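So you can see what is in the structure, the chains are spelled out below.
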Amino acid sequence: MKYSEFLSHSLTSQEKIYGTVWLAFEALLFPRLLQLLNTLLPVPLTQASINALFFGINFLVVAILFRRYLVGQAKLIPDTVGKSIAVALVGFAAYSLASFFMLQFLLAIDPHFASVNDLTIRDLVKEDFLLMFVGTVILVPITEECLLRGLVFRGLYDRSPLLAWAASVVIFSAVHLISYIGLYPLPTMLLCFVQYIPAGLCLAGAYRLSGSLLSPILIHALVNLMGMLALR
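Note that residues are indexed from 1 along each chain, following the sequence as it is written. Only residues with pLDDT of at least 70 get local features here, since the model is predicted, and only at 80 or more are side-chain atom pairs given and counted; chain-wide, interface and lining totals rely on the full set of residues. With hydrogens and water excluded, all non-hydrogen atoms of the structure serve as input to the side-chain values.

Engineer: Describe the packing of helix H10 (residues 197–210) against helix H11 (residues 214–231), and please don't skip the residues or the numbers.
Structural biologist: With their axes 7 Å apart at the nearest point, H10 and H11 run at an angle of 150 degrees to one another. Here H10 is positioned roughly antiparallel relative to H11, judged by the angle of their axes. Considering the relative orientation of H10 and H11, their crossing is right-handed. Between H10, through Cys202, Leu203, Ala206, Tyr207 and Ser210, and H11, the contact on the second element is made entirely by Ser215, Pro216, Ile219 and His220. Inter-axis angles, ranging from 0 to 180 degrees, are taken between N-to-C directions of lines fitted to C-alpha atoms, where helices are fitted over the stretch in contact. Counting from the N terminus, the helices are the DSSP runs of H or I reaching at least four residues and the strands are the DSSP runs of E reaching at least two. Roughly parallel means an angle under 35 degrees; roughly antiparallel means over 145; roughly perpendicular covers 65 to 115; every other angle is labelled oblique. Crossing handedness: left-handed means the near helix sits turned counterclockwise from the far one by under a right angle, and right-handed means the same turn made clockwise. Contacts are residue-level and defined by heavy atoms, with any inter-residue pair within 4.5 Å sufficient.

Engineer: Can you explain a nonpolar patch on the surface? Please cite residues and give values.
Structural biologist: Any residue with relative accessible area above 30% and no salt bridge may belong to a patch, with like charges joined within 9 Å and the nonpolar Val, Leu, Ile, Met, Phe, Trp and Tyr side chains within 5 Å. Here the open area of atoms and residues is found with the Shrake-Rupley method and a 1.4 Å probe, where only the protein chains shown may cover a residue. What makes a salt bridge here is a side-chain nitrogen of Lys or Arg within 4 Å of a carboxyl oxygen of Asp or Glu, nothing more. Where nonpolar side chains cluster on the molecular surface, the patch consists of Ile77, Val81, Ile85, Leu89 and Leu218 and spans about 380 Å² of accessible area. It is helix H5 (residues 67–109) that contributes the most residues to the nonpolar patch, four residues altogether. Its location among the elements puts Leu218 in helix H11. Accessible area is worked out with a 1.4 Å probe on protein chains only. A residue is then buried under 20% of its type maximum, exposed over 50%, and partly exposed in between. Leu218 sits in the partly exposed class, given a relative accessible area of 34%.

Engineer: Requested: an account of the nonpolar core, with residues and values cited.
Structural biologist: Remark: nonpolar core denotes a set of buried residues (Ala, Val, Leu, Ile, Met, Phe, Trp, Tyr, Cys) joined through side-chain atoms within 4.5 Å. Core analysis: the biggest nonpolar cluster contains 56 residues, and Phe66, Met132, Leu147, Leu151, Val152 and Leu177 have the highest contact counts within it. For this core, the element with the highest residue contribution is helix H7 (residues 129–157), accounting for twelve residues. Leaving out residues up to four positions away in the same chain, Val152 has contacts with Leu23, Leu147, Ala167, Ser168 and Ile171.

Structure representation (structure tokens):
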């Protein structure tokens, strides 16, 4: 997609405001609110069910808030599907290679390194594979790409491409670790933060190169699928 065409697909000011508020809420407060409400139930839900509820509500809210943007992205698919898939395949290959070397780097620093988020997902996958599959492979890629690539990356790109790249990568890493703050040592959290940098860069790059949200969604879904199968 040409640079001018990429710039023409943006969110409205209202979408940016509502999306920013929701991103902050769902990252900082929503998981804790669900856990609190769960303790009030006569028969508490399983952790896999709570996660499924989080995924589902998050998806519905984002779909409502970004409905105009998503409709615009859907209209791009017929004309960009070939390029989007090609970019997604290259992006996934780049991610796989970068993640391999990143893991070697992290293991060199800490031979016992393990992603705290992956450990949690592993337990949830064992608890209910189907719920986690629907959530992480279908709902999460669409939701997170709308928020992190559509809202953060595209939303900041007009102001500063460098800021857009940096913010989207930093926030992408942070949202996967916020729930674990205070539960693990700071060095472990910093290593886990660094682990997500290749994914953040490849997802933003795929969106920028294709001009379509379909590319990062496909990469995100494939990465999550491979991760789930490896952790099962």
